[in-house]
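# Remarks on the overall topology
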Amino acid sequence: KNATDHFTVGLAPELPPVRGSFQRLEQVILNLIQNACQALPDRTRGLFITTHAAEGAAGVRIVIRDEGAGIRADDLSRIREPFFTTKEDSGGIGLGLSISSRIVEEHRGTMQFSSEPGSGTTVTLHLPSAARLDAAARQAADVHERNVP
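These remarks concern the structure in this document. The residue count restarts for each chain, going from 1 along the sequence in the order it is written. Only residues with pLDDT of at least 70 are given local features in this predicted model, and only at 80 or more are side-chain atom pairs given and counted; all residues enter the totals for whole chains, interfaces and linings. The side-chain numbers reported here are obtained from all heavy atoms of the structure, hydrogens and water having been left aside.

Each helix is a run of H or I in the DSSP string that is no shorter than four residues. Each strand is a run of E no shorter than two, and both are numbered from the N terminus. Looking only at helices and strands, the protein has 4 helices and 5 strands in total. Going residue by residue from the N terminus, the α and β elements of the protein occur as β-α-β-β-α-α-β-β-α. Seen along its three principal axes, the alpha-carbon backbone of the protein occupies a region of about 65 × 35 × 25 Å. The buried label goes to any residue with under 20% of its type's maximum accessible area, the exposed label to any with over 50%, and the partly exposed label to all in between, with areas taken from a 1.4 Å probe on protein chains only. Every one of the 149 residues in the protein was classed for burial, and the buried ones make up 34%. Throughout, a residue-residue contact means that at least one pair of heavy atoms, one from each residue, lies within 4.5 Å. At a minimum sequence separation of 6, the contacts of the protein that also span at least 24 residues come to 65%. Side chains of the protein carry 16 positive and 18 negative charges; the gap between the two charge centres is 3 Å. The positive count covers Lys and Arg only, the negative count covers Asp and Glu only, and His and the chain ends enter neither. Every charge is mapped to an atom, namely NZ of Lys, CZ of Arg, CG of Asp or CD of Glu.

Laid out in structure tokens, this is it:
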């Protein structure tokens, strides 16, 4: 429905690989982009996506920023709740961010929101690198081995 004439994507070179379901992570990113587009009041406001390698190749950071309506502080704390929506009038049922949050958690990542009503919203998605997950699994196995008599 809503669209923009100002869509920018900045992809960082040589991001570390992440482990997980491509389809489920794609679902999260598409949901965030769709929400950002729906928040845009007109075509002159922008949508910006950037990727970054986290410090020490610990993971990947994806930032989706819009120049849309923003989210009120009261609503910001509730947007991950199942069935919470601010878009009843346009058919929103409030499952997109709840499901997306669960998918990100299943991938051992985080999703942070910051917003300024009238100025837009920024979503920062952090996903751990495959190497970091492997190191954590090896460490957990070593601890388990030392604790088994």
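Here the narrative resumes, following the displayed structure.
Nonpolar side chains collect at one region of the surface, where Phe7, Val9 and Leu11 lie side by side and expose about 320 Å² of accessible area between them. By secondary structure assignment, the location of valine 9 is in strand E1 (residues 6–10). Since its relative accessible area comes to 43%, valine 9 is described here as partly exposed. Exposure above 30% relative accessible area and the absence of a salt bridge qualify a residue for a patch, where like charges join within 9 Å and nonpolar side chains (Val, Leu, Ile, Met, Phe, Trp, Tyr) within 5 Å. Per-residue and other accessible areas follow the Shrake-Rupley method at a 1.4 Å probe size, with only the shown protein chains counted as cover for residues. Throughout this description, the term salt bridge denotes a Lys or Arg side-chain nitrogen within 4 Å of a carboxyl oxygen of Asp or Glu.

Of the two site types, the cavity is a set of points on a 1 Å grid over the protein atoms alone where a 1.4 Å probe fits but cannot get out, and the pocket is an open set with protein on both sides within 12 Å along at least five of seven lines, each lined by residues with an atom within 4 Å of a point. Grid points are joined across faces, edges and corners, and a volume is the space filled by probe spheres set on the points. Roughly 280 Å³ of volume is contained in the second largest pocket. Elements represented by at least two residues in the lining of the second largest pocket include exactly helix H1 (22–39), strand E2 (46–53) and strand E3 (59–66). Among the elements that make up the lining of the second largest pocket, the one with the highest residue count is H1 (5 residues). Grouping the amino acids of the lining of the second largest pocket by side-chain chemistry returns 10 nonpolar, 3 polar and 1 charged. Three categories are distinguished: nonpolar for Ala, Val, Leu, Ile, Met, Phe, Trp, Tyr, Cys and Pro, charged for Asp, Glu, Lys and Arg, and polar for the others, with Gly belonging to the last.

Turning to unusual backbone geometry, a few remarks are in order. Positive phi, close to 55 degrees, is recorded for glutamate 14, a residue that is not glycine. Assignment of secondary structure puts glutamate 14 in the loop between E1 and H1. With a phi close to 60 degrees, arginine 108 is a non-glycine residue in the positive phi region. Assessed through its relative accessible area of 62%, arginine 108 is described here as exposed.

Its 18 residues give H1 an end-to-end C-alpha distance of 26 Å, which sits within 8% of 26 Å, the value for a rise of 1.5 Å per residue. Along H1, the positions that sit buried rather than exposed are Leu25, Val28, Asn31, Leu32, Ile33, Asn35, Ala36 and Cys37. Residues of H1 that are buried make contact with E2, E3, helix H3 (96–106), strand E4 (110–116) and strand E5 (120–128). In this analysis, the expected span of each helix is defined as 1.5 Å times one less than the number of residues it contains.

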